[in-house]
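Below, each chain spelled out in residue letters.
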Number of protein chains: 6
Amino acid sequence: MLNKNIQTFIACDSEYSEAETVLFGAGFDGTTSFRPGTRFAPEAIRSESFGIETYSPYQDKDMLDYSYFDSGDLELPFGDTEKVLSYIQQRSETILSDGKRPFMIGGEHLVTLGSVRAVKEKYGELYIIHFDAHADLRDDYLGQKLSHACVLRRCHELVGDGHIFQFGIRSGDREEFEFAKKHTVMNKFNLDGLAGTVEKLRGKNVYLTVDMDVLDPSVFPGTGTPEAEGVTFKELREAVTLVCSQLNIVGCDVNELSPHYDPTGVSTAVACKLIREILLALSE
Amino acid sequence: MLNKNIQTFIACDSEYSEAETVLFGAGFDGTTSFRPGTRFAPEAIRSESFGIETYSPYQDKDMLDYSYFDSGDLELPFGDTEKVLSYIQQRSETILSDGKRPFMIGGEHLVTLGSVRAVKEKYGELYIIHFDAHADLRDDYLGQKLSHACVLRRCHELVGDGHIFQFGIRSGDREEFEFAKKHTVMNKFNLDGLAGTVEKLRGKNVYLTVDMDVLDPSVFPGTGTPEAEGVTFKELREAVTLVCSQLNIVGCDVNELSPHYDPTGVSTAVACKLIREILLALSE
Amino acid sequence: MLNKNIQTFIACDSEYSEAETVLFGAGFDGTTSFRPGTRFAPEAIRSESFGIETYSPYQDKDMLDYSYFDSGDLELPFGDTEKVLSYIQQRSETILSDGKRPFMIGGEHLVTLGSVRAVKEKYGELYIIHFDAHADLRDDYLGQKLSHACVLRRCHELVGDGHIFQFGIRSGDREEFEFAKKHTVMNKFNLDGLAGTVEKLRGKNVYLTVDMDVLDPSVFPGTGTPEAEGVTFKELREAVTLVCSQLNIVGCDVNELSPHYDPTGVSTAVACKLIREILLALSE
Amino acid sequence: MLNKNIQTFIACDSEYSEAETVLFGAGFDGTTSFRPGTRFAPEAIRSESFGIETYSPYQDKDMLDYSYFDSGDLELPFGDTEKVLSYIQQRSETILSDGKRPFMIGGEHLVTLGSVRAVKEKYGELYIIHFDAHADLRDDYLGQKLSHACVLRRCHELVGDGHIFQFGIRSGDREEFEFAKKHTVMNKFNLDGLAGTVEKLRGKNVYLTVDMDVLDPSVFPGTGTPEAEGVTFKELREAVTLVCSQLNIVGCDVNELSPHYDPTGVSTAVACKLIREILLALSE
Amino acid sequence: MLNKNIQTFIACDSEYSEAETVLFGAGFDGTTSFRPGTRFAPEAIRSESFGIETYSPYQDKDMLDYSYFDSGDLELPFGDTEKVLSYIQQRSETILSDGKRPFMIGGEHLVTLGSVRAVKEKYGELYIIHFDAHADLRDDYLGQKLSHACVLRRCHELVGDGHIFQFGIRSGDREEFEFAKKHTVMNKFNLDGLAGTVEKLRGKNVYLTVDMDVLDPSVFPGTGTPEAEGVTFKELREAVTLVCSQLNIVGCDVNELSPHYDPTGVSTAVACKLIREILLALSE
Amino acid sequence: MLNKNIQTFIACDSEYSEAETVLFGAGFDGTTSFRPGTRFAPEAIRSESFGIETYSPYQDKDMLDYSYFDSGDLELPFGDTEKVLSYIQQRSETILSDGKRPFMIGGEHLVTLGSVRAVKEKYGELYIIHFDAHADLRDDYLGQKLSHACVLRRCHELVGDGHIFQFGIRSGDREEFEFAKKHTVMNKFNLDGLAGTVEKLRGKNVYLTVDMDVLDPSVFPGTGTPEAEGVTFKELREAVTLVCSQLNIVGCDVNELSPHYDPTGVSTAVACKLIREILLALSE
């Protein structure tokens, strides 16, 4: 007898019960104002993940030695943003209530809000480490409070002053940079302050959100709003490895890959490799 | 002294006061569930319109002999569908209140609802002629009432039984085709019944909505949901010429061009040519 | 608890035991001499199948009313053509031995040979209906007997003179056309002789192989060797519907989609729609 | 010892002395006002010609039975249009003076002028058969007399009234259509009058110029100014076969392929097939 | 009443009279010998400029605090290079005569000659700072004096020995490098000597011309002749900021973006960001 | 009389007898398991080589001062891997037997095996310098011994322990890295140990194989399996210059360019530039 065809992220096909980290896709891009297409990221990432190896020579670890579960993609009702966020929140809550760590693949950056709501609810005090080219601290965007451009501002309302650490930020309007001076810890342009942040957050509950456009567009052009002068892949890989191996990561996400904008496929391959490194760094 | 740079659809740069027909763009694709990108249509159409001529050898008319005004694109708040529709409705109402005919360039098909609301409000009884590959008669789509897949269903709630004439329909679920049997006049697969419809609607107020995917995808691949076995450009051109020259068209739209999906540019050129033919047929 | 993520061709997720027809993908293009890429077809077809409806207004039938099983893709060892064919043969044999009909999605046309071997072995006398732009009757290609350009020649060695009916053929070298005059029944350029063929084959065991490049490249550009002046989608759809509803189809395949060559996605959408029509026509 | 690598159009590698028809490429697009890229056509056509067969089932003739010589591409000084034309004229003169027929592959349509000058000079009275979507009869374009949009107007100055027969024309400004009424024989929209034209021109010296955009953009999107509602490949193939087999063709060209605009490669394959059919029809 | 649709570079919609710097587009690529397409740059840059912010965190300045005027694109007669240059010269002269600084967006690099002629005429002694991968110092190219490959040689004839400072040059023929040793100040491969040059030119009249291909093709692939081993965006941004904030820039241009060659859009976004930084650095 | 059209790599058109280094193309990708397309590399490289200069400012040498011969592409029987390798071996043997150095342009990396067999046969003891992102040391891949993923393992069987020096390796399964520890000299991630290797191999017979994916995908995205965090072009250029100018290179190859995956053309341009630098460094 024949089995059904199952496609997961590479080496994420353990039993649910055995997995400590659980992936899911949230391919939503309904508030994207410039170039849409992050909705295609979860499927592209799964498909292209078979082009990378399960073994990391950087960490000398192999995904085959650990258990990961990929729970597939959410079906999201485009046009009703609040409902989209509640579906994401529910999926994260289910995973959290089973004592596991949710790992979301976006979608536009707004999806982070749904997952942060769930994590905050469970853990109370929560810190956020945020890699991004854009501050995402607008109060509203064309009158919309639930916009990708406002997602960290909404998160700030949940976690409060001094709980968001931003790295690589190099774009925003003047107000966002002013807001950051008072309410978040922002490292402009690069990842320089990361080691100190890791020291500060040791033992705390931390949510990690990676907007892939923090990378230089030379190596990650497949995103809606590419922003020149970003960090290198090596810098980002070392950063997420440090964060995930040293801190108590209670949830995380990787977002803003828009695969169709990069016909070379490099952006998707880069996202796959980063996800592998995060998964391995999270595993002991 | 230098003038400002102005880009309109070709030959649509008359004074507003002189124009009988007024174009505007509604580049919204926020409920598109499959492949987004119609948001880019209005700009692409304007830009590529300079690749066609103002003279039509089919109608032996020249746009330069008439007055058209292109009022530019609406800035629409992605993520709040109801507000998007109200902005569209307002633009149409402004144009209608000045005694002119609104000609909207979509965007996804849902934008039609905003314009139909405005036209219906002004004219009372209203008939709709609808060219499309898809029935668009779902009651809801993943729970959403305001979806591109439901737009003619929403229009039916406004204009009532027997007021919508559908042509070229070749895709939908079974319920949509059942609904059409009772509530609309549907011509499946082709445009065969058009001459009779034109006779029936002579002297009535008619809104024309053209989903460009009614065309065969061979000549119009640049759309979110291409559906094989469509009508030819010649058939559609002759159809819109007939409708616009014989009936009292109180408003119209052309939608569902997704220009980035067709790197050859043919789809955009086809849309430009159809818009020219409609504009000329509307002009006496 | 969460289920695993499963991706099948739309509406092909019944239990294996209930399905009469079983799909599988054979994404092999290792002998393709010109432009490779059909290896990507099965995955592309599954993914894009969610852009079409399960209901066919042409046949007034809905896939949801029948049971189909998609058994996923074979993992094929590129570089060893004979082993590739034996893997395909085995999958078809498994399906046949369970009393079901194998429906293979290629891959290059050579994959047909693996499936025909299996079907021939089970059924003894076998007829083949072949839609294609190319004769595929070369004895060898650069010395290779197992080449896409030779696949019907190899099939002829299995089923014998007068058992292969070819339609739409418009390309080949002179020798192939000479061979066809003596050994196959070839309908050049179009599908004209199909009705007669169907009468002749009533009650016989028939294998249907559709090289999608029989279509005009205007509507199906996504193939390795596009050949102008092909048949329309309507002609092909009506042809496969006739064949599959009237004859005893013991196996079939659809091949030669090379999805990356058509960035509009139309070719893949066209393949999906044709597969739906075949599946529905096979179901009573 | 090793030979040098030689790439010609398929089966055009005879000795120069044996060939009756001599190909050359004129990849010039320096006056193209809209979308450039025809400069890449000659190389693309050569390269892709190996994807078609040398045998034509339509004419039941094989290129291998005849002698053709491909003399390669001219190196043209972009920026000096008059010098470009003189280089083209010289190449045609060389071929003509050796008693052979020049077959030029453009390039934008203006290149035709260089070749027509050479042919006119040798033959005195000359007729032109012109397949095109555009009239190309402007007197000047933005002040330029030597523009692709004026090429038939310049040819008219050489060959005189009633010597140019135009087919498939469906775009131009009003003045061009007025000019055509008085000075050329124009068949708008289709190829209907061709049989009569062939009768009329029997025994005369005829130059054939094929602007590939006469084809419908569905099958030939790879061109700078695609124009909907063109002729089918079958119509054009039969037309050129008729012309080339019945008339005394003293020179010819195929132009306006812009290969990069069609990533599917279909447009280039279509051009290759048409060139094969012309070459075979010219050979007895 | 409705206003006309106006598209400018972001935040360049002041009144002409208020602006110190005036943009215009010169989308000419008629002498480009390899891959054309820079003609599309001005429109692409305007359109994509809305994807960046008006605020620069590097300079902590906002375009909204200054006045810029975008005077739109020149309509240029392809095929007559001298006339093209004279149109460009006229536009620059108009802007200069109103006491403003012309900022031209190319187009191929030859357009610089038109603007330099105007500036030289007004200011007498003139220095040129030139960022580029290519020396552009050929005396002629295939016999053409007015070629993109000769533009700095032509400028040298205007401004004289020691008045041209070249940075980032890494491609050219041997003669160009020999010429540079005698007549210009060339910094090969990188921007190392810039600080010294700035000291030297303090208080002089300087024209800045940026061929975007000075950047590494990894971050700027959208150009006709990409040349590996270029400078980083950070290096170029800091360089132009230094030059524009410290020196008396009497005119400038940014050229050689060929947007269609980079389907990711990154090259265009990079050009937009550089233009913003230049505009801000020019403003006090 | 007219000459035939000849296309070689730029400046590689000397007489065979005069050339010390002889190029040939081996466009084979038949065992590529992920994304095919390297078959197109030799033709793309030849065509695009005319976009670079013959003069290198890095080495201050000009290809026009030396003699190179491009012997064109092998016609390879896809589907029979062993035969493909024997054709490659024969071509290399021919070149070697004439006292010349073979320079092969792949194709997938497996082609190296054919050339190494020929060189090993002639020279007996042989060292290999290998630049690559991937170890390519698998014993088999899905049961295939002749796979691109096994090519250095097969070479190791020929040249023995300690004769292969690998640089830039950053991907492989755990077993490959274990194998390398015992049998090859592997420099992970970068090119750091190269100077020492050059010292060690002075006077030995060395074969150089460059898998272009050793480069960072930002500057070389056009390859089947892009792998982030590679070396820069500058590092690779300096490395091959060092190796080729200091060591006795008896054969070499450049492989794994898949030009269609990079529509910007940068990858092909990068390969051309590297080949020029290698050719110049090999020439005294």
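Here, every reference points to the structure presented above.
In this text, all values refer to a predicted model and were calculated from it rather than measured experimentally.

Conventions and cut-offs
- Residues numbered from 1 in each chain as written.
- Chains lettered and ligands numbered in written order.
- Predicted model: local features only at pLDDT ≥ 70, side-chain atom pairs only at ≥ 80, totals over all residues.
- Heavy atoms only, no water.
- Helix = DSSP H or I, 4+ residues; strand = E, 2+ residues; numbered from the N terminus.
- Rg over C-alpha atoms; globule rule 2.2 N^0.38 Å.
- Buried < 20%, exposed > 50% of the residue type's maximum accessible area, 1.4 Å probe, protein only.
- Contact = heavy atoms within 4.5 Å.
- Areas by Shrake-Rupley, 256 points an atom, 1.4 Å probe, with all protein chains shown as cover.
- Lys, Arg positive; Asp, Glu negative; His and termini not counted.
- Charge placed at Lys NZ, Arg CZ, Asp CG, Glu CD.
- Least-squares fit on C-alpha atoms with pLDDT ≥ 70 in both.
- Pairing = 2+ DSSP bridges.
- Axes fitted to C-alpha atoms, helices over the stretch in contact; angles between N-to-C directions.
- Polar contact = N/O pair within 3.5 Å; in protein donor to acceptor, adjacent residues only side chain to side chain.
- Phe/Tyr/Trp six-rings, centres within 6.5 Å; stacked < 30°, edge-to-face > 60°.
- Lys NZ or Arg CZ within 6 Å of the ring centre and 35° of its normal.
- Buried area = accessible area lost by both parts, 1.4 Å probe.
- Salt bridge = Lys/Arg side-chain N within 4 Å of Asp/Glu carboxyl O.

K.L.:
Help me understand the overall build of chain A in this model?
P.N.:
Looking only at helices and strands, chain A features eight helices and ten strands. The C-alpha radius of gyration computed for chain A amounts to 17 Å, which stays within 12% of the reference 19 Å derived for 284 residues, consistent with globular compactness. When the backbone C-alpha atoms are referred to their principal axes, chain A occupies close to 60 × 40 × 40 Å. Taken over 284 residues, chain A has a buried fraction of 71%. Here the contacts in chain A between residues at least 6 apart in sequence split such that 77% fall between residues at least 24 apart. Accessible surface for chain A amounts to roughly 8,500 Å². Of this, 45% is attributable to carbon and sulfur atoms. Of the charged side chains in chain A, 28 are positive and 45 negative; the average position of the first set lies 4 Å away from that of the second.

K.L.:
Where do I start with the relation of the copies chain E and chain D in this structure?
P.N.:
Two copies of one chain are present, and they are related through a rotation about an axis combined with an axial shift. Once chain E is rotated about the relating axis by 180 degrees and shifted along it by 0.0 Å, it coincides with chain D to within an RMSD of 0.0 Å. When the rotation and shift are considered jointly, the pair of chain copies conforms to a two-fold rotation axis. Closest approach to the rotation axis within chain E is made by the C-alpha atom of E:Gly30, at a distance of 2.7 Å. Mapped onto chain D, 100% of the interface residues of chain E are again interface residues, and the two copies thus contact each other with one and the same surface.

K.L.:
What's the story with the pairing of strand 5 (residues 101–106) of chain B in this structure? I'm lost.
P.N.:
Within a regular beta strand, the side chains point alternately toward one face of the sheet and then the other, so they alternate between its two faces. Residue and element names in this part refer to chain B. Counted residue by residue, strand 5 has six buried out of six residues, so it is predominantly covered. What you see with strand 5 is no split at all: Arg101, Phe103 and Ile105 on one side and Pro102, Met104 and Gly106 on the other are buried throughout. When strand 1 (residues 21–26) meets strand 5, the two strands line up parallel, connected through six bridges. For Phe24, the partnering residue across the bridge sits in strand 5 and is Met104. In the sheet, strand 5 pairs with strand 10 (residues 248–255) via three bridges, with the strands oriented parallel. By the bridge assignment for strand 10, Ile105 is matched with Val254.

K.L.:
Is there a simple way to explain the sheet that holds strand 5 (residues 101–106) of chain E in this structure?
P.N.:
Pairing between the strands of a sheet is mediated by backbone hydrogen bonds and can be parallel or antiparallel. Residue and element names in this part refer to chain E. As summarised here, the arrangement of the eight strands in space is 4-1-5-10-9-6-7-8, forming an open sheet in which the pairing is parallel. Of all strands in the sheet, those bounded by a partner on one side alone are strand 4 (68–73) and strand 8 (185–188). Across the sheet, the mean angle from the axis of one strand to that of its neighbour is 15 degrees, orientation sign disregarded. Pairing analysis gives seven bridges linking strand 9 (residues 205–211) to strand 10 (residues 248–255), with the strands arranged parallel. Residue pairing across strands places Leu208 opposite Cys252, the latter belonging to strand 10. In this fold helix 4 (residues 151–159) packs onto strand 6 (127–131) and strand 7 (164–169), with an angle of close to 160 degrees to the strand it touches most, strand 7. Packed on one face of the sheet, helix 7 (residues 233–246) meets strand 6, strand 9 and strand 10 and runs near 165 degrees to strand 6.

K.L.:
Explanation requested: the environment of A:Glu227 in the structure shown.
P.N.:
Its location among the elements puts A:Glu227 in the loop between strand 9 (205–211) and helix 7 (233–246). Separated by 93 residues in the primary sequence, A:Glu227 and A:His134 place their C-alpha atoms 8.5 Å from one another. Those residues within four positions of A:Glu227 in sequence are excluded, and the remaining contacts are A:Ala133, A:His134, A:Arg170, A:Ser171, A:Pro217 and E:Lys273. Engagement of the side chain of A:Glu227 in a polar contact is seen with the side chain of E:Lys273, the distance being 2.6 Å.

K.L.:
Even after reading the chapter, I still don't get the packing of aromatic side chains, so can you show me in this structure?
P.N.:
Two aromatic rings are characterised by how far apart their centres lie and by the angle between their planes. One pass over the full model with this rule turns up 38 aromatic pairs over all chains. Judged by centre distance (5.2 Å) and plane angle (65 degrees), the ring pair of A:Tyr16 and A:Phe69 falls under edge-to-face. Of this pair, A:Tyr16 sits in the segment before strand 1 (21–26) while A:Phe69 sits in strand 4 (residues 68–73); the two residues are 53 residues apart in sequence, bridging distant segments of the chain. Take A:Tyr16 and A:Phe69: they sit in the same class, and that class is buried. An angle of 50 degrees between the planes, with centres 6.5 Å apart, marks the rings of F:Tyr66 and F:Tyr68 as tilted. The ring centre of A:Tyr261 lies 3.8 Å from the NZ or CZ of A:Arg35, which sits over that ring.

K.L.:
In this structure, what is going on with the pairing of strand 9 (residues 205–211) of chain F? I would like to understand it.
P.N.:
All names here are of chain F. Burial runs high along strand 9: seven of the seven residues are buried. The pairing of strand 6 (residues 127–131) with strand 9 spans five bridges and is classified as parallel. Across the sheet, the residue bridging to Phe131 is Val210, located in strand 9.

K.L.:
In this structure, what is going on with helix 1 (residues 41–48) of chain F? I would like to understand it.
P.N.:
It helps to recall that an α-helix has 3.6 residues per turn; residues three or four apart then point in one direction. Across the eight residues of helix 1 of chain F, six count as buried, placing the element largely inside the fold. Burial in helix 1 of chain F covers these residues: F:Ala41, F:Pro42, F:Ala44, F:Ile45, F:Arg46 and F:Ser47. Taken together, the buried residues of helix 1 of chain F touch helix 1 (41–48) of chain D together with strand 1 (21–26), strand 4 (68–73), strand 5 (101–106) and helix 8 (266–282) of chain F.

K.L.:
What should I look at first to understand the interface of chain E and chain D in this one?
P.N.:
Often, the extent of an interface is quoted as the loss of accessible area upon association of its parts. Taken together, the 24 residues of chain E in the interface contact 24 residues of chain D. Across the interface of chain E and chain D, roughly 1,700 Å² is buried in total on both sides, 49% from carbon and sulfur atoms. Considering only the side of chain E, the residues that lose the most area to chain D are E:Arg39, E:Leu142 and E:Gln144, jointly responsible for 29% of the buried surface there. Counting the contacts that link chain E with chain D gives zero salt bridges. There are four residue pairs in polar contact (both at pLDDT 80 or more) connecting chain E and chain D.

K.L.:
Quick question: what am I supposed to make of the interface of chain A and chain E here?
P.N.:
Taken together, the 22 residues of chain A in the interface contact 23 residues of chain E. When the buried surface of chain A facing chain E is broken down by residue, A:Phe34, A:Arg174 and A:Glu229 rank first, second and third, together holding 33% of it. For the pair chain A and chain E, the interface holds five salt bridges. With a shortest N-O distance of 3.7 Å, A:Arg174 and E:Asp60 are connected by a salt bridge. Connecting chain A to chain E are seven residue pairs in polar contact (both at pLDDT 80 or more).

K.L.:
How should the relation of the copies chain A and chain E be read in this particular structure?
P.N.:
Turning chain A through 120 degrees and shifting it by 0.0 Å along the axis lays it on chain E, with an RMSD of 0.0 Å. Taken together, the rotation and translation describe the operation of a three-fold axis. Residues of chain A ranked by C-alpha distance from the rotation axis are headed by A:Ser218, positioned 2.9 Å from it. The share of interface residues of chain A whose copies in chain E are also at the interface is only 9%, consistent with the copies meeting through different surfaces.

K.L.:
Would you mind showing me how to read helix 4 (residues 151–159) of chain B here?
P.N.:
Residue and element names in this part refer to chain B. In terms of burial, helix 4 is a largely internal element, seven of the nine residues being buried. If you check which residues of helix 4 are buried, you get Val151, Leu152, Arg153, Arg154, Cys155, His156 and Val159. For helix 4, the secondary structure elements touched by its buried residues are helix 3 (111–123), strand 6 (127–131), strand 7 (164–169) and helix 5 (174–183).

K.L.:
In this structure, what is going on with the side chain of B:Ser115? I would like to understand it.
P.N.:
When you line up the elements, B:Ser115 lands in helix 3. With near-sequence residues (within four places) excluded, B:Ser115 lies in contact with B:Ile88, B:Ser92, B:Met104 and B:Tyr207.

K.L.:
Quick question: what am I supposed to make of unusual backbone geometry here?
P.N.:
Here the residue pair A:Gly106 and A:Gly107 is connected by a cis peptide bond, since its omega of 15 degrees sits within 30 degrees of zero. Mapped onto the secondary structure, A:Gly107 falls in the loop between strand 5 (101–106) and helix 3 (111–123). Its identity as a non-glycine residue notwithstanding, E:Glu256 has a phi of 75 degrees, on the positive side. Summarising the element assignment, E:Glu256 is placed in the loop between strand 10 and helix 8 (266–282).

K.L.:
Whenever I open this one, the arrangement of the chains confuses me. Can you help?
P.N.:
There is a gap between chain A and chain D: no contact, and a shortest C-alpha distance of 12 Å. In this assembly chain C lies apart from chain E, the nearest approach of their C-alpha atoms being 12 Å.

K.L.:
Can you walk me through the sheet that holds strand 9 (residues 205–211) of chain D in this structure?
P.N.:
All names here are of chain D. Taken in spatial order, the eight strands make up an open sheet running 4-1-5-10-9-6-7-8, and their pairing is parallel. Either end of the sheet is taken by a strand with one partner, and the two such strands are strand 4 (68–73) and strand 8 (185–188). This sheet shows a mean twist of 15 degrees between the axes of neighbouring strands, independent of strand direction. Taken together, the four bridges between strand 7 (residues 164–169) and strand 8 define a ladder with parallel strand orientation. Along strand 8, the bridge assignment pairs Ile169 with Lys188. Where helix 1 meets the sheet, it contacts strand 1 (21–26), strand 4 and strand 5 (101–106), and its direction lies at approximately 140 degrees from that of strand 4.

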